[in-house]
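This is what each chain is made of:
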Amino acid sequence: MLIILKPGAEHSHITTLIDYLETRGATFERHDSGEYKLISVTDGAHFVDEKQVTAFQCTLRCIRLSSPAPLASGSETKQKKRVKVGDKLVGNGGLTIIAGPCSLENNEQITALVKSLISGRIDILRAGAFKPRTSPYSFQGLGEEGLKILSEISTEFNLPVVTEIMDTRDIDIINKHSDVLQVGMRNMRNYSLLKEVGSQEKPVLLKRGSDASVNEWLLAAEYIINAGNENVILCERGITNPTSCKNVVLDLNGALEIMSLSSLPVIVDPSHGAADRLKVPALARAAVAAGVDGVMIEVHSKPARAFSDGFQAIIPETFKSLTIELDKIHQIVRGTDGV
Ligand code: PEP
Ligand code: MN
């Protein structure tokens, strides 16, 4: 971090700034000989609040040179993070395919669906048991009963599973039945939940808040890693845009941005990003062409009868042909940086 001081800044104001940096535990150096007096923060810049520094009377400009999220950015290791899920590695240069229904509805639904999914290509099964719904009258998920079904399916078909956690009180039960803990877009800013999943060993799939900047998303991941869990997978799932179709835009630009800022695996959810089944395949292809580490796609055998998000669920036949295309696209982009 570089702090440029106003010409003629009063000594007492500079002392206030220095006092602030010291209280934050930052290490810094002063450069008083040039045209502008400068303070360079050499260590601990992530403890320093840019807005606070800018607000001091002596500050002309404050430029952040290092990531505010040293753990999630991987600035320490500089190596791309691989996250182990069951016997699969997410972020190892391959393409991870996560698929399944929005909600787990009953045993028959999920069993029939999984049988058709495994005839194609799938690495991880998704299905929600605790559902964040806008209306309290909408299906809320099967809860613990759903989790039990999910883990039985996981064992029977030897497929790791991911399911959403909404409440810190559910941590033990979800931990018991799921291989990956999904934090949904509504909870990306639930810092108690982020710390709770951060204290677990199971990998976390962190969705981007639909109104969150890439920086806020990165800092949400930092919460999890800072709490002790470095196995985080980032998921772009569309951001709110009132002028777009269905009020949502899949932000591939944001996905690329976070790929350049972070060492964590990045996947894309074209289903919530499209909110329209007809657009899901094209957005999935675009995401893979952009070079992401995986996709998460909602699939339902009878979308019109789905308990949630049926309008964006593709049918298993479409999913199967789509995954063949995604693998081909991935083959083409693999080994390039996508530029
Ligand atoms: C989901 O994956 O079904 C879900 C609710 O996702 P999001 O948090 O992205 O809306
Ligand atoms: Mn859904």
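If you're wondering where the values come from, they're calculated on a predicted model, not measured in any experiment.

## What to know about the sheet that holds strand 1 (residues 2–5)
For step 1, the next point in the chain: Within the open sheet, the four strands sit side by side as 2-3-1-4. Their pairing is antiparallel. Edge positions in the sheet fall to strand 2 (27–31) and strand 4 (59–63), since each of these pairs with one other strand and no more. Strand-to-strand, the axes of this sheet are offset by a mean angle of 20°, without reference to chain direction.
For step 2, the next point in the chain: Across the sheet, helix 1 (residues 11–23) touches strand 1, strand 2, strand 3 (38–43) and strand 4, and the angle it forms with strand 2 is around 155°.

## Overview of helix 1
For step 1, the next point in the chain: In a regular helix each residue adds 1.5 Å, so 13 residues correspond to 18 Å; helix 1 covers 18 Å between its end C-alpha atoms and thus fits that length.
For step 2, the next point in the chain: Taken residue by residue, helix 1 has Ile14, Leu17, Ile18, Tyr20 and Leu21 as its buried positions. All buried residues of helix 1 fall inside an arc of 155° around its axis, so they share one side.
For step 3, the next point in the chain: Buried-residue contacts for helix 1 involve strand 1, strand 2, strand 3, helix 2 (50–55) and strand 4.
For step 4, the next point in the chain: One or two positions beyond helix 1, positive phi appears at glycine 25, with a value near 80°.

## Focus on the coordination of the manganese ion (ligand 2)
For step 1, the next point in the chain: For the manganese ion (ligand 2), the protein coordination sphere consists of Cys102 (SG), His272 (NE2), Glu298 (OE) and Asp309 (OD), at 2.1 to 2.4 Å.
For step 2, the next point in the chain: Donor residues binding the manganese ion (ligand 2) come from one chain and are separated in sequence as C-x169-H-x25-E-x10-D. A residue pair is termed long-range when its members are at least 10 positions apart, and histidine 272 in helix 10 (residues 270–274) and aspartate 309 in the loop between strand 16 (294–298) and helix 12 (316–333) qualify at 37 residues.
For step 3, the next point in the chain: The class of histidine 272 is buried, set by a relative accessible area of 14%.

So, how was this worked out
Residues numbered from 1 in each chain as written. Chains lettered and ligands numbered in written order. Predicted model: local features only at pLDDT ≥ 70, side-chain atom pairs only at ≥ 80, totals over all residues. Heavy atoms only, no water. Pairing = 2+ DSSP bridges. Helix = DSSP H or I, 4+ residues; strand = E, 2+ residues; numbered from the N terminus. Axes fitted to C-alpha atoms, helices over the stretch in contact; angles between N-to-C directions. Contact = heavy atoms within 4.5 Å. Expected span 1.5 Å × (residues − 1). Buried < 20%, exposed > 50% of the residue type's maximum accessible area, 1.4 Å probe, protein only. Arc of directions from axis to C-beta. Donors = N, O, S within 2.8 Å, 3.2 Å for Na, K, Ca; no water.

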